[in-house]
Amino acid sequence: MPDIIDQIPILSKRNVQIKNKDKLNDMLLNISKGGLKKLQIVFDFDKTITKQHEDGVPHLSSFAIFSKIPSCLNNEKYQETVRGLRLKYYPIEMDPHIPVKDKIELMEEWWNLSEKAISGLKLTQKDIDEVCLDCKPALREGCKEFFSTLNKAKVPVLVFSAGCGDIVLTILQQSNVFWPNVKVISNFLNFHDDGTITGFKDKPIHVFNKNEYAIKNTDFYNLVEDRNNAIVLGDSLGDASMAQGMEHCQNVLKIGFLYEHIEDALPQYLDTFDIVLVDDQTMDVPRAVFDFIRNYHC
Ligand SMILES: Nc1nc2c(ncn2[C@@H]2O[C@H](COP(=O)(O)O)[C@@H](O)[C@H]2O)c(=O)[nH]1
Ligand SMILES: [Mg+2]
């Protein structure tokens, strides 16, 4: 069996952690044999397409960016509510000692209360455009090049986010990475004619239900029906299940970006992701894996 991992030098870097090299080797071989015509890529957005931190300063999530829109910023009640929610629920989301099954109900609570908090706010797409330009969240180094390569290679890309879909889409557009091959599934806002938010367009997508329920019967699902290999990239444990809704996928390579609680969280990340990137704010490893698949000749 050819040793694929050794043929991708970057996988030997110190911050690249792999629990089961044989499994990864098989996965890389099968995906490479399938080639690009059988491949699809699913990205989480917050702290996956965007960086987790910039010189140690944590990056804003799409909901945090949303809350900086003037009509949100000046709404004391809204600010107090979302600040309190984030203080209560974010530590739970990231706590490596709380089992995922115990987090699900709490994340549902967070997203339902978030939806309640934003209902009644009044804003326009211009507000969203401006706050994204002001906050200008940094994409991971190499992300723009990676998205351009995937577009040229006609590989379908899904950006699957439990964040605020209107913010996510606007950032992708402003960053010039919203290519024709890219689809977004996220919590898009529903508006009254007068610009008042009535809630999310669909059932809330939180970090632990980004799977089949949200992906079935979408444009993306129909687009990738004959693509049975996937690469899934995320920063939260729940992101590893993003391709769960595509049961036709035979090989799902999961790449996890770990930055918080590294020591405590690493064992769980190694059990969940095939490749764990410790404090890596680039797309270097995913691009090297993709290049290997693209150039593979059996
Ligand atoms: N500052 C806030 N962050 C929030 C809120 N609700 C969720 N979140 C964060 O968003 C990401 C999900 O986005 P994804 O693109 O990574 O799926 C999640 O990790 C939460 O921490 C909120 O109300 N305020
Ligand atoms: Mg994320």
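Conventions adopted
Residues numbered from 1 in each chain as written. Chains lettered and ligands numbered in written order. Predicted model: local features only at pLDDT ≥ 70, side-chain atom pairs only at ≥ 80, totals over all residues. Heavy atoms only, no water. Helix = DSSP H or I, 4+ residues; strand = E, 2+ residues; numbered from the N terminus. Rg over C-alpha atoms; globule rule 2.2 N^0.38 Å. Buried < 20%, exposed > 50% of the residue type's maximum accessible area, 1.4 Å probe, protein only. Contact = heavy atoms within 4.5 Å. Areas by Shrake-Rupley, 256 points an atom, 1.4 Å probe, with all protein chains shown as cover. Lys, Arg positive; Asp, Glu negative; His and termini not counted. Charge placed at Lys NZ, Arg CZ, Asp CG, Glu CD. Donors = N, O, S within 2.8 Å, 3.2 Å for Na, K, Ca; no water. Near = heavy atom within 4 Å. Polar contact = N/O pair within 3.5 Å; in protein donor to acceptor, adjacent residues only side chain to side chain. 1 Å grid on protein atoms, 1.4 Å probe; cavity = no way out; pocket = protein on both sides within 12 Å on 5 of 7 lines; lining within 4 Å. Sits in = over half its atoms within 2 Å of the grid points. Nonpolar A, V, L, I, M, F, W, Y, C, P; charged D, E, K, R; others polar. Patch = residues over 30% accessible without salt bridge, like charges linked within 9 Å, V, L, I, M, F, W, Y side chains within 5 Å. Salt bridge = Lys/Arg side-chain N within 4 Å of Asp/Glu carboxyl O.

> Explain the overall build of the chain here, please?
Per the secondary structure count, the chain includes 12 helices and 11 strands. A compact globule built from 298 residues would reach a C-alpha radius of gyration of about 19 Å, and the chain, at 19 Å, matches this within 12%. In terms of overall dimensions, the chain has a C-alpha envelope of 60 × 40 × 35 Å along the principal axes. Scored against the burial criterion, the 298 residues of the chain give a buried share of 57%. Sequence separation of 24 or more characterises 72% of the internal contacts of the chain that already satisfy a separation of 6 or more. By element, 51% of the accessible surface of the chain is carried by carbon and sulfur atoms, the whole surface being about 13600 Å². Computed over 34 positive and 43 negative side-chain charges, the separation of the two mean positions in the chain equals 3 Å.

> Help me out: how do you make sense of the coordination of the magnesium ion (ligand 2) in this one?
Tetrahedral coordination by four donors places them ideally at 109.5 degrees to one another around the metal; octahedral coordination by six donors ideally gives 90 or 180 degrees. Protein-derived ligands of the magnesium ion (ligand 2) are Asp44 (OD), Asp46 (O) and Asp235 (OD), with the metal-ligand distances lying across 2.0 to 2.2 Å. As a motif over one chain, the donors of the magnesium ion (ligand 2) read D-x1-D-x188-D. Of the two residues, Asp46 is situated in the loop between strand 2 (39–43) and strand 3 (53–54) and Asp235 in the loop between strand 9 (229–234) and strand 10 (251–258); the sequence distance between them amounts to 189 residues. For the pair Asp46 and Asp235, one class covers both residues: buried.

> Which parts of the structure should I look at to understand the site of ligand 1?
By nearness alone, 17 residues border ligand 1, and Asp44, Asp46, Glu93, Ser161 and Ala162 come closest of all. One nitrogen or oxygen atom from the main chain of Gly163 is found 3.4 Å from an oxygen atom belonging to ligand 1. Taken by itself ligand 1 offers 510 Å² of open surface, and the protein chains cover 95% of this. With respect to the detected pockets, ligand 1 is housed in the largest pocket. Those elements giving two or more residues to the shell around ligand 1 turn out to be helix 2 (62–66), helix 4 (76–94), helix 5 (100–118) and strand 5 (157–164). Each residue belonging to the shell around ligand 1 can be placed in one class, and the counts come to 8 nonpolar, 4 polar and 5 charged.

> Where do I start with a negative patch on the surface in this structure?
A cluster of acidic side chains, namely Asp3, Asp6, Asp22 and Asp26, defines a negative patch on the protein surface. Mapped onto the fold, Asp3 is located in the segment before strand 1 (16–17).

Limitation: the analysis is restricted to geometry and does not speak to function.
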